[in-house]
Amino acid sequence: MIAGEQRIRAAFDAARAEGRAALMPYMMAGFPDRESGLAVAAAYADAGADLVELGVPYSDPLADGPTNHAAATRALAEGATLRTALEACEAIADKVPVVLMIYTNMVLAHGGGEEFAKLARAAGAAGVIVPDLPLGEDEGIRDAFGAAGLAMVPLVAPTTPDERRRRICAVAKGFIYLVSTVGTTGERGELPPELAALVAATKADAGETPVAVGFGIGTPAQAAEVGKVADGVIVGSRLVRAAGEGGSPAAAADSVAEFLAEARVALAG
Amino acid sequence: MSAIEQRFGPYGGRYVPETLIAALDELTAAWEATREDPEYLARLGGLRRDYIGRPTPLYLAERLSERVGSRVYLKREDLAHTGAHKINNALGQALLAQRMGKARIIAETGAGQHGVATATACALLGLECIVYMGTEDIRRQAPNVERMKLLGAEVAAVDAGARTLKEATSAAIRDWVANVETTHYVIGSAVGPAPYPVLVRDLQRVIGEEAREQALAAEGVLPRRVIACIGGGSNAIGIFAPFLDDAEVALIGVEAGGDGIETGRHGASLNAGTTGVLHGSLSAIVADEDGQILEAHSVSAGLDYPGTGPQHAYLRDTGRAAYFPVTDAGALAALRELSRLEGIIPALESSHAVAWLLENPLAGEGFDVLCLSGRGDKDLAEYVRRTGEVS
């Protein structure tokens, strides 16, 4: 097992040993500004995140809904680059496994799979999610990440056919990111009723690899509901919104920490 | 016909969220089954003739020819129903969507021509239609917005980024991600994830098939050069495709030079861009060193796009086609020139091709074919605003 994958798996195992799902908050690096992003990252590491999904701001994030898109736009306007995200990664990677979320074009712009993997590993990242690089496209990037000890976490969607889902699970490293609903990232009032069945089917294909669910989870109650069936729960847009409402780095950190504490309680349920 | 290409050399592919993969597989299979289906082709052929008004003329522009010193034929896509080549693709895709059982249609538009064409096809076939359009383009192309509404489409304003075609396309893709099970996305150019670049090319190649036949009928030989403007590149790939194996025919694409390549304010992804991913395919794009997509700049809303279709990037690399930029100023002057010489007001997009021709007359024997992709009525307000000319 590769180095990054081991760290990720250890985090899921530790949560499981406590009888709960792992909590994985998402953040947008450099949002609403560099200092606030660093404060949010530190808050995640200190306030009970089992893993952190760290979004790299991108101009054209096709998998993201309005909240994360606007956050990326704001971060870029504040001067954020890949460097800003790697800096946040470095700051917390000793305390918690960090999974970078980056779009393909930025990987290519930074030299391709091999060169980008060096940068990510140097910053301490354990894994990478590339939301617009589905199975079958540019497998060289997946190979390069694997060779560098970075876990490439694939996505599975409700629309993914059964046979394809099995193939995705077979190449998954670290964990499988199961998209809860058909659509982009963002809070939803209700999670789809068929989610439990989808999680069960994915877990059956995944074997030992943990399955974490993201997209649409915006309340501690929803996190708890998903945590009953999945190995991990990813909370994104809700926390990005909290970080943006703070008005200062300290306030952003307080705001996300408060939500995380509630979510941890709910997950321990 | 061969299988649908997923890539052209390294370019193309499907760089999209996993949620869309099943729909792209479905669309690929549907197009493979449909594009040679006699029933579909009979229906499309009938509508092309009686509804779009095809074949469009190949017109020997005598005064323009005199001005440049050699014979120039204009392929009159401006005379197609709705005033541009966009209807060829929109109608073909709407018919395909109907066969696939998808009653909700979404589209993006820049100049508004693709939006109008899609709204038109949806009105004809009784399909629901939502067109995403940047608010800057809504301002520049007001008459087309009114046209779409009159045709029963909903125009969804996109206020992100530079509020032009790039953001409208992203918004349409996000809608598709959310509604993929009920919705067909009618992409307007030869861009996007596979199979779209092929689907759009196949539906636009009627331009080149007609032009090739008409040129042979008029002159007995093939043209020396085929010239077309290029943003995403649908009219260009449509007229190029049937000439690809005619090695003696030079294929010339003319892209948006904006304020000039050296200013950085342009849409010339093939001349001044880089290789990267935009809207689901790997191609020539305009991006910064961090990988952020840059805003394009062009007086013409249809060319105001920081990328181009993957087949064009491949044709550039192989040398089969050559691509050149023309500035805003050049396009505006060419719009005026063609209007005065021929009584044809070209779209600002097509004016780029005319401008290149005016600067690069054919040496020696033979003749040129230039794709006049659309009419310029929609651009009059922008023309007056930019040139200060008033009637």
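For the structure, see preceding data.
Because the structure is a prediction, the values reported are computed rather than measured.

About the thresholds
- Residue positions are given per chain, counting from 1 as you read along its sequence in written order.
- For this description, chains carry letters from A and ligands carry numbers from 1, given in the order in which they are written.
- Given that the model is predicted, a residue must reach a pLDDT of at least 70 before its local features are reported, and side-chain atom pairs must reach 80 or more before they are shown or counted; all residues, however, enter totals for whole chains, interfaces and linings.
- To obtain the side-chain values, all non-hydrogen atoms of the structure were included, while hydrogens and water were left out.
- Here, nonpolar core refers to any group of buried Ala, Val, Leu, Ile, Met, Phe, Trp, Tyr and Cys residues whose side-chain atoms link them within 4.5 Å.
- For each residue, the accessible area found with a 1.4 Å probe, counting protein chains only, is set against the maximum for its type, and the residue is called buried under 20%, exposed over 50%, and partly exposed in between.
- Between N-to-C directions, angles cover 0 to 180 degrees, with each direction set by a line fitted to C-alpha atoms, over the stretch in contact for helices.
- Strands are runs of DSSP state E lasting at least two residues, helices are runs of H or I lasting at least four, and both sets are numbered from the N terminus onward.
- Just so you know how the angles are binned, under 35 degrees is roughly parallel, over 145 roughly antiparallel, 65 to 115 roughly perpendicular, and the rest oblique.
- Handedness of a helix crossing follows the sense of rotation of the near helix relative to the far helix, less than a right angle counterclockwise being left-handed and clockwise being right-handed.
- For this analysis, residues touch if any pair of their heavy atoms sits within 4.5 Å.
- Polarity classes work like this: nonpolar for Ala, Val, Leu, Ile, Met, Phe, Trp, Tyr, Cys and Pro, charged for Asp, Glu, Lys and Arg, and polar for all others, with Gly in that last group.
- Any carboxyl oxygen of Asp or Glu within 4 Å of a side-chain nitrogen of Lys or Arg constitutes a salt bridge here.
- N or O atoms closer than or at 3.5 Å make up a polar contact, with two conditions inside protein: a donor-capable atom paired with an acceptor-capable one, and, for residues adjacent in sequence, both atoms drawn from side chains.
- Should DSSP find at least two bridges between two strands, the strands are taken to pair.
- Assignment of crossover handedness uses the view with strands pointing away from the viewer, where a clockwise path from the first strand over the helix to the second indicates a right-handed crossover.

(A) Spotlight on the nonpolar core. In terms of nonpolar packing, the biggest core is built from 197 residues, with Phe145 and Phe175 of chain A together with Ile239 and Phe240 of chain B touching the most fellow members. If you look at the next biggest cluster of nonpolar residues, it comprises 24 residues, including Ala61, Val72, Ala256 and Leu338 of chain B.

(B) Expanded view of the packing of helix α4 (residues 86-100) of chain B against helix α5 (residues 113-125) of chain B. Residue and element names in this part refer to chain B. The geometry of α4 relative to α5 is characterised by a closest axis approach of 8 Å and an angle of 40° between their N-to-C directions. Between α4 and α5, the interaxial angle falls into the category oblique. Along this stretch, α4 crosses α5, giving a crossing that reads as right-handed. Residues Lys86, Ile87, Asn89, Ala90, Leu91, Ala94, Leu95 and Gln98 of α4 form the contact with α5, whose own contacting residues are Gln113, His114, Ala117, Thr118, Thr120, Ala121, Leu124 and Leu125. For the contact of α4 with α5, a count of residues per class yields nine nonpolar, six polar and one charged.

(C) Inspection of the pattern of salt bridges at higher detail. Going through the model one piece at a time under the given rule, you end up with 53 salt bridges over all chains. We note a salt bridge from Glu87 of chain A to Arg34 of chain A, for which the minimum N-O separation is 2.7 Å. Taken together, the residues span a long stretch of sequence, with Glu87 of chain A in helix α4 (residues 82-92) and Arg34 of chain A in helix α2 (residues 34-46) at a distance of 53 residues. Accessibility expressed as a relative area gives 24% for Glu87 of chain A, which makes it partly exposed. The class of Arg34 of chain A is partly exposed, set by a relative accessible area of 40%. With a closest N to O distance of 3.6 Å, Arg74 of chain A and Glu78 of chain A form a salt bridge. Several salt bridges share partner residues, and in doing so they unite Glu136, Asp137, Arg139, Arg140 and Asp304 of chain B into one network.

(D) Just the environment of Tyr185 of chain B, in detail. Residues and elements named next belong to chain B. Along the polypeptide, Tyr185 turns up in strand β8 (residues 183-186). Given the relative accessible area of 2%, Tyr185 is considered buried. A polar contact of 2.7 Å, which involves the side chain of Tyr185, links it to the side chain of Glu108.

(E) Main features of the sheet that holds strand β3 (residues 98-101) of chain A. All names here are of chain A. Spatially, nine strands are ordered β5-β4-β3-β2-β1-β9-β8-β7-β6 in an open sheet, and the strand pairing comes out parallel. Unpaired on one side and paired on the other, β5 (151-152) and β6 (155-156) mark the two borders of the sheet. Helix-sheet contacts for helix α9 (residues 195-206) involve β6, β7 (176-179) and β8 (211-214), and the interaxial angle to β7 is about 155°.

(F) The arrangement of α4 of chain A in detail. All names here are of chain A. All of the buried residues along α4 are Leu82, Thr84, Ala85, Leu86, Ala88, Cys89 and Ile92. If you follow the buried residues of α4, they end up packed against α2, β2 (52-55), β3, α5 (104-109) and α6 (113-122). For α4, the capping residue at the N-terminal end is Thr81, with a side-chain oxygen 3.1 Å from the backbone nitrogen of Arg83.

(G) Region of the structure containing the sheet that holds strand β7 (residues 154-158) of chain B. Residues and elements named next belong to chain B. Strand order in the open sheet made by the four strands is β7-β6-β5-β8, with parallel pairing throughout. The sheet terminates laterally at β7 and β8, the two strands that pair on one side only. Averaged over all pairs of adjacent strands, the angle between their axes in this sheet comes to 25°, without regard to strand direction. Where strand β5 (residues 104-109) lies against strand β6 (residues 128-134), six bridges are found, and the strand directions are parallel. Within the sheet, the bridge partner assigned to Ile106 lies in β6 and is Ile130.

(H) Just unusual backbone geometry, in detail. Omega for the peptide link from Phe31 of chain A to Pro32 of chain A comes to -5°, which places this bond in the cis form. If you trace the backbone, Pro32 of chain A turns up in the loop between β1 (22-28) and α2. With an omega dihedral of 10°, the bond running from Ala194 of chain B to Pro195 of chain B counts as a cis peptide bond. Mapped onto the elements of the fold, Pro195 of chain B is located in the loop between β8 and α9 (196-219). Positioned with a positive phi, Arg163 of chain B is a non-glycine residue whose angle comes to about 60°. Checked against the element boundaries, Arg163 of chain B lands in the loop between β7 and α8 (165-179). A relative accessible area of 35% places Arg163 of chain B in the partly exposed class.

(I) Summary view of the pairing of strand β10 (residues 250-258) of chain B. Residues and elements named next belong to chain B. With eight of nine residues buried, β10 lies mostly within the body of the structure. Note: strand β9 (residues 225-230) against β10, six bridges, orientation parallel. From the neighbouring strand, Ala228 faces β10, where its bridge partner is Gly253. With respect to chirality, the unit in which β9 leads through helix α10 (residues 234-240) into the neighbouring parallel β10 is right-handed.

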